[in-house]
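# Fold and geometry: a report
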Amino acid sequence: MRTALRIAALVAILAALIVAPQYLRNYGIYLLSLWSLFAIAAMGLNLTLGYAGQMSLAQAAFLGIGAYAVALLVKAGVPFWVGVPLATLVAFAVGLLLGFPALRVQHHYLAFATLGFNVLVYLAIRNEDWLTGGSMGIGQVMGFAGMPRPSIFGYSLRRGIDFYYLCLAMLCLSTLLVWLLLRSPWGRAFAALRDNPVRAESLAIDIRAYTLLAFAIGAGLAGFAGAFYAPLVQLFDPSPFGLLESLSLLLMVVVGGSGRFWGPHIGAALVLLLPHWLQALLPAWLGPPDQWYLFVFGIAVLVLLTWCPGGLLAIPDRLRARAQ
Amino acid sequence: MTPILSAANVSKHYGAIRAVDDVSFTVAPGEIFGVIGPNGSGKTTLFNCVLGQIRPDGGRVAFQDRDITGAGPLALSRLGIGRTFQSLQVFGGLTVRDNVIAAAQEHRGTLWSRLFAAPEIGLGAKADETLALFELAPHAGKLAGGLSYGQQKLLDMAMAFMADPALVMLDEPAAGVNPRLIEMIRQLLQRLNRERGTTFVVIEHNMDFVMALCQRIMVLAEGRVLAVGTPAEIRSNPAVLEAYLGA
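Residues numbered from 1 in each chain as written. Chains lettered and ligands numbered in written order. Predicted model: local features only at pLDDT ≥ 70, side-chain atom pairs only at ≥ 80, totals over all residues.

### Quick word on the overall build of chain B
Helix and strand content of chain B: 10 helices and 10 strands. By the compact-globule yardstick of 18 Å for 247 residues, chain B fits well, its C-alpha radius of gyration being 18 Å. Principal-axis analysis of the C-alpha atoms gives chain B an extent of 55 × 40 × 35 Å. For chain B, with 247 residues in total, the buried portion stands at 43%. Relative to all contacts within chain B whose residues are 6 or more apart in sequence, the contacts with residues 24 or more apart total 65%. (Helix = DSSP H or I, 4+ residues; strand = E, 2+ residues; numbered from the N terminus. Rg over C-alpha atoms; globule rule 2.2 N^0.38 Å. Buried ≥ 20, exposed ≤ 12 C-beta atoms within 10 Å, placed from the backbone. Contact = placed C-beta atoms within 7 Å.)

The following block contains the structure:
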């Protein structure tokens, strides 16, 4: 019965997401596309952090690696649909390397190690103008139109609404794959690594391998999202891949509910969309909303996490515990 | 018969303190071997030397004729040595059933094949059987972190047995457990020993428990072996009485 209810809710939400663009203007469709991609990247971080317990403050760097990799591959003449798996693979491989510090340090030390890595990637993209266009953006090397939107089976996805459906499809695909992964014995091993690595090792669980995999798969998902972020925004510079965006991705995971399957989807929606709603909803007599909507947003997040540190998806559990 | 576990002249020093000092012992297959001693006698350090948590300064440890001196916990668990910990060590965020499946899944197939394996990786029936044996079946679907202390202790033990280990090392299985549960644990361990032929090495403080459970007992004092013998021999050994009672 509960399963049936869940499936019904899922179908309803998916239907709403398919119908929504009919009632939205271009900017709304763009925001929904952005949400789809950030939800994928946040799902990756949720895997690394929420399920496998490995702190990472570098998720935006992998988004950037995916975006620049696919753009440079397309510029070099590689078809987009070959570029996507390649860009994912590059992010996966770099993520695997980033896993090595985690074999030595944990928690806040690991947070700083990954933070340093994000800064490194950011600076590399910014300083290697000849390759990336540096702070002038990808347009410097790809031409003023930037990264072209792809076609699929000869059908061009140039229009925002068509590209949104592609992003949504990729979100569905990623969600399904992560669901299968977490149901597999690997998912159980990730949770064992998170809950008690010493015990895990005494039960033949190779914590080295699973730590590296947790980073690599999480990074791969961000790279995959980045590969679609590039044609979504078309012109980009290194700024969306800096430390602030990594913190924003962390916020999505934590606000949604770290270690909860739908946490990234809900967290990404809240973090990306709530500031815009606030901008529209805050009464104008308080002053120009764009000057202080982030203030209200910050307080809302603070209140939520103080009251319910498990995030939005932990609220039902909390209410149930209180009722008992 | 080849001993299943043997230690020869194992030593571990911390500065001037000889935590484990030239300790040798052998454990026969199918035996329940107890290690007792006053606080600070080196029991846990010896355990950690054998189980690869710390590397001994000297001596050798062998498992079924294979040298395992300094081998890490992962290698030992892969060889089929199970263990429990003094403190509670379960996966709190997983269900009780997933805890026991996690305890055995890595012995099946390869890392790669496990990615594509069915979620329960063929261990569902065995998990249910083990949980029934440890009287945890009614809690199978609960999160392990929500169990009582005694139930977590049982789960910790159930996990050590899931992969059919030849040898299980138990670090204070009776600590902090009520008398009824202590008796249940004793009967359970003896049953597993009888029916599956599992060998046990048990560190314990509770003398009644050790005397009733073990076939042979080694007494440590100040890092050295004070005596080895049957419970009856140990009980009547003057040196042991002196170490314990200070008489």
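That covers the picture; the talk isn't over yet.
### Description of the pairing of strand β3 (residues 32–36) of chain B
Residue and element names in this part refer to chain B. When you tally the buried positions in β3, you get five out of five residues, the bulk of the element. Side chains of β3 alternate between two faces, with I32, G34 and I36 and F33 and V35 buried alike. Where β3 lies against strand β8 (residues 199–203), four bridges are found, and the strand directions are parallel. Following the sheet pairing, V35 is matched in β8 by I203. Bridge analysis of β3 against strand β9 (residues 216–221) gives four bridges, and the strand direction is parallel. Paired with F33 across the strands is R216, a residue of β9. (Pairing = 2+ DSSP bridges.)

### Overview of the packing of helix α3 (residues 96–105) of chain B against helix α5 (residues 124–133) of chain B
All names here are of chain B. Contact pair α3 / α5: the axes reach a minimum separation of 9 Å and the direction vectors enclose 115°. Put simply, α3 runs roughly perpendicular to α5. The two elements α3 and α5 meet at a crossing, and its hand is right-handed. Together, V96, R97, V100 and I101 of α3 and A127, T130 and L131 of α5 make up the contact between the two elements. Of the residues in the contact of α3 with α5, the class split is five nonpolar, one polar and one charged. (Axes fitted to C-alpha atoms, helices over the stretch in contact; angles between N-to-C directions. Parallel < 35°, antiparallel > 145°, perpendicular 65-115°, else oblique. Left-handed = near helix turned anticlockwise from the far one by under 90°. Nonpolar A, V, L, I, M, F, W, Y, C, P; charged D, E, K, R; others polar.)

### Structural notes on the sheet that holds strand β4 (residues 58–63) of chain B
Residue and element names in this part refer to chain B. Here we have four strands laid out as an open sheet, ordered β2-β1-β4-β5, and antiparallel in their pairing. Two strands close off the open sheet at either side, each with one partner strand: β2 (17–27) and β5 (66–67). Bridge count between strand β1 (residues 5–14) and β4: five bridges; the pairing is antiparallel. Each residue of the ladder has a partner; that of L5, found in β4, is F63.

### Quick notes on the domain arrangement of chain B
Residue and element names in this part refer to chain B. Looking at the assigned domains, one finds that chain B contains domain 1 (1–80 + 166–247) and domain 2 (92–164). Taken over C-alpha atoms, the centre of domain 1 sits 26 Å from the centre of domain 2. In terms of residues, the side of domain 1 that touches domain 2 owes the most to one element, helix α7 (residues 179–196), which gives three residues. Tallied by class, the residues present in the side of domain 1 that touches domain 2 amount to six nonpolar, two polar and no charged. (Domains from an automatic or database assignment.)

### Section: helix α3 (residues 59–75) of chain A
Residue and element names in this part refer to chain A. In a regular helix each residue adds 1.5 Å, so 17 residues correspond to 24 Å; α3 covers 25 Å between its end C-alpha atoms and thus fits that length. Where burial is concerned, most of α3 is hidden: 14 out of the 17 residues are buried. Where α3 ends, the next residue or the one after it, G77, has phi of about 100°, a positive value. (Expected span 1.5 Å × (residues − 1).)

### Points about the environment of L213(B)
All names here are of chain B. The topology assignment puts L213 in helix α8 (residues 207–213). The buried category is assigned to L213, around which 25 C-beta atoms lie within 10 Å. Other than its neighbours up to four places away in sequence, L213 contacts I32, G34, R186, L189, Q190 and V202.

### A word on the sheet that holds strand β7 (residues 167–171) of chain B
Residue and element names in this part refer to chain B. The mixed open sheet is built from six strands, whose spatial order is β6-β7-β8-β3-β9-β10. If you trace the sheet from one side to the other, it starts and ends with β6 (81–83) and β10 (224–229), each paired once. Strand after strand, the sheet turns through a mean of 20° between neighbouring axes, direction not considered. Of the pairings in the sheet, the one linking β6 to β7 comprises three bridges and is parallel in character. Within β7, the position partnered with R83 by the bridge is M169.

### Description of the packing of helix α2 (residues 26–51) of chain A against helix α13 (residues 263–281) of chain A
All names here are of chain A. Viewed as axis vectors pointing N to C, α2 and α13 meet at an angle of 135°, and their least axial separation amounts to 7 Å. Relative to α13, the element α2 is oriented oblique. Crossing handedness for the pair α2 and α13: right-handed. Of α13, the residues touching α2 (which contributes L31, L34, W35, F38, A39, A42, M43, N46 and G50) are G263, P264, H265, G267, A268, A269, L272, L273 and H276.

### Section: the environment of F215(A)
All names here are of chain A. Along the chain, the position of F215 falls in helix α11 (residues 207–233). Considered as a pair, F215 and L243 are 28 residues apart in the sequence and their alpha carbons are 17 Å apart. Not counting chain neighbours up to four residues away, the residues in contact with F215 comprise T48, Q54, S56, G95, L96, L98, G99 and A102.

### Side note on the interface of chain B and chain A
In this assembly, 26 residues from chain B lie in contact with 21 residues from chain A. Of all elements in the fold, only α2 (73–79), α3 and α4 (111–115) of chain B reach the threshold of two or more residues within the side of chain B that touches chain A. Residues that form the side of chain B that touches chain A fall into these classes: 15 nonpolar, six polar and five charged.

### Here's the deal with unusual backbone geometry
Look at F153(A): it is not a glycine, yet its phi comes out positive at around 50°. If you trace the backbone, F153(A) turns up in the loop between β1 (151–152) and β2 (155–156). A positive phi angle is found at D65(B), which is not glycine, with a value near 75°. In this structure, D65(B) sits in the loop between β4 and β5.

### Observations regarding helix α1 (residues 2–19) of chain A
Under the 1.5 Å per step criterion, the end-to-end length of α1(A) is 26 Å for 18 residues, consistent within 8% with the ideal 26 Å. Little of α1(A) is tucked away, with zero of its 18 residues classed as buried.

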